[in-house]
2 protein chains.
Amino acid sequence: MYIIKIGGNVLDNPERLQRFLIDFAALPGPKLLVHGGGKIASTIGLQLGIAPQYVEGRRLTDAETLRVVTMVYAGLINKNVVAQLQALGCNAIGMTGADANAIPATKRPVKAIDYGFAGDVGGPETINATAIQALLQAGLTPVFAPLTHDGKGSLLNTNADTIASVLATALAPFYTVKLVYCFEKRGVLANAAEDDSVIPHIDEHTYQHLKATGVVKDGMVPKLDNAFAALEQGVKAVLIGEAEALPELIGGGSFSGTTLVWHHG
Amino acid sequence: MYIIKIGGNVLDNPERLQRFLIDFAALPGPKLLVHGGGKIASTIGLQLGIAPQYVEGRRLTDAETLRVVTMVYAGLINKNVVAQLQALGCNAIGMTGADANAIPATKRPVKAIDYGFAGDVGGPETINATAIQALLQAGLTPVFAPLTHDGKGSLLNTNADTIASVLATALAPFYTVKLVYCFEKRGVLANAAEDDSVIPHIDEHTYQHLKATGVVKDGMVPKLDNAFAALEQGVKAVLIGEAEALPELIGGGSFSGTTLVWHHG
């Protein structure tokens, strides 16, 4: 099965989103979509008088911000994606990690920084894989918004890359899972200024080298850390590339982005 | 199974909502919740510079208003209800009629009035009962926000009473369905000014009389029209009463609201 993460930049552009959803709907077999947030949450938050706050690239989620992201991620974005997929013949069902108790999480402990209602996801054993399998077996395509819950009644804001990798890992015992990160670049780049400098394959050893030399940095580090953890725990393949190139990514042709490789044993 | 509709007035009051959800979570067997909108959508719409417009008690849903109700109904309200039910041990899954293609609808035709993105639901045969049954059989409790979709990519704003009655009718061939409308009154009142003047039983003949004499009027008419149509089409019972009295309504004791009765044959 395919687990596809689609980034916020694509969500912010209706034409790009529509093209991506056409390709996603056409994928055969069981599949699952995880979407990010996009800038619309910040825009609507500002209209409501709530300025976004970031520390070290992470959004602080106070109670008001949680309300905004719940409205935008789980309402506006998620349900419009579902309605568009339905129009494309894909029987989507929109969810957060609270729905079907799919993704329990814990509120991030307050240390030097209080991230507010940010959710940290546990290991794949914490995922309610049984419920997700029941949906897939009913012919449904789950579409996850980047929210989880604490089991005590509160939703939590959670990184979409993390959600995609933990879902992939949790479903790996039951399906041959390929995890695909779609974003605005063609893949992991050797030179950030060169769109064509895609590194076609990265294994866990070259990854350590790329991190040490600063070729891979910033937001790409947690994304790839998660991805390699997923490979180590049984996910069959991780592909990273442009949203517009989904068929090529899946097909493994040229312009096929970056494939992460794990050498087992 | 129980299909419970909870009105907007209860959603606007966190303490009343919490009490209701405790009672709902405690109901045994398969169950399904449909929630209304509440005033919060108007409040947030106004903050975003979108004034609500009504014609004959019906809200006009222009494109901007559709965005607001999608955020508030399917995001803020639906996901917080789901998270609260999860905390109460009820494995809820929040949905709109777009999710799992559960409730296809058609955009209301423009005649004297253009209601905008308002969805008219068809007969029970249009409901995707198979998908809803799959969720129930997986031990999940669907929680519906009052939105449907047109199958062409657009969400539609739809009356929650109508959604509850069409779901009840569509599931009646497979379950013994009791439909319960919970709102802020103790039942259908003989005298609107007297909270204690609950009419304990109404059958289809007395209903015609109550309508003709104006005892039942305004918003109660479409609610009861829907309810009697559901009874005629196989729903076992319809109960109408106060959200706080859910256990009494279900139990059939005193203070048990109004029971609608259909004399088959």
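Residues numbered from 1 in each chain as written. Chains lettered and ligands numbered in written order. Predicted model: local features only at pLDDT ≥ 70, side-chain atom pairs only at ≥ 80, totals over all residues. Heavy atoms only, no water.

Brief notes about the relation of the copies chain B and chain A
Here's step 1: For these two chains of identical sequence, chain B goes onto chain A by a turn of 180 degrees and a shift of 0.0 Å along the axis, with RMSD 0.0 Å. Taken together, the rotation and translation relating the two chain copies correspond to the operation of a two-fold axis.
Here's step 2: Both copies contact each other with a shared surface, as 100% of the interface residues of chain B are interface residues in chain A too. (Least-squares fit on C-alpha atoms with pLDDT ≥ 70 in both. Contact = heavy atoms within 4.5 Å.)

Examining helix α5 (residues 129–137) of chain B
Here's step 1: When α5 of chain B is considered as a whole, its buried residues turn out to be A129, A131, I132, Q133, L135 and L136 of chain B.
Here's step 2: Packed against the buried residues of α5 of chain B are β5 (92–95) and α5 (129–137) of chain A together with β2 (31–35), β5 (92–95), β8 (141–144) and α6 (160–171) of chain B.
Here's step 3: Phi turns positive, to about 80 degrees, at G139 of chain B, one or two residues after α5 of chain B. (Buried < 20%, exposed > 50% of the residue type's maximum accessible area, 1.4 Å probe, protein only. Helix = DSSP H or I, 4+ residues; strand = E, 2+ residues; numbered from the N terminus.)

Looking at the UniProt feature "domain: Aspartate/glutamate/uridylate kinase" (unreviewed entry) in chain A
Here's step 1: Those places that UniProt annotates as "domain: Aspartate/glutamate/uridylate kinase" (unreviewed entry) correspond, in this numbering, to residues 3–240 of chain A.
Here's step 2: Between the end C-alpha atoms of residues 3–240 of chain A the distance is 12 Å, and the span holds 39% helix and 19% strand. (UniProt positions renumbered as here; feature names shortened; annotations may be inferred.)

Details of the UniProt feature "site: Transition state stabilizer" (unreviewed entry) in chain A
All names here are of chain A.
Here's step 1: The feature "site: Transition state stabilizer" (unreviewed entry), as given by UniProt, occupies K5 and K223 in the numbering adopted here. Taking the farthest pair of C-alpha atoms as the criterion, the annotated set spanning 219 residues converges on one region, since that pair is 10.9 Å apart.
Here's step 2: Relative to the helices and strands, K5 is located in strand β1 (residues 2–6).
Here's step 3: Among all residues touching K5, those that are not within four sequence positions of it are V34, G36, A160, D161, A164, V180, Y181, C182 and K223.
Here's step 4: Polar side-chain contacts of K5 include one of 2.5 Å to the side chain of D161.
Here's step 5: Assignment of secondary structure puts K223 in helix α8 (residues 220–232).
Here's step 6: What K223 contacts, discounting residues up to four positions off in sequence, is K5, D161, Y181 and F183.
Here's step 7: Side-chain polar atoms of K223 contact the side chain of D161, separated by 3.2 Å. (Polar contact = N/O pair within 3.5 Å; in protein donor to acceptor, adjacent residues only side chain to side chain.)

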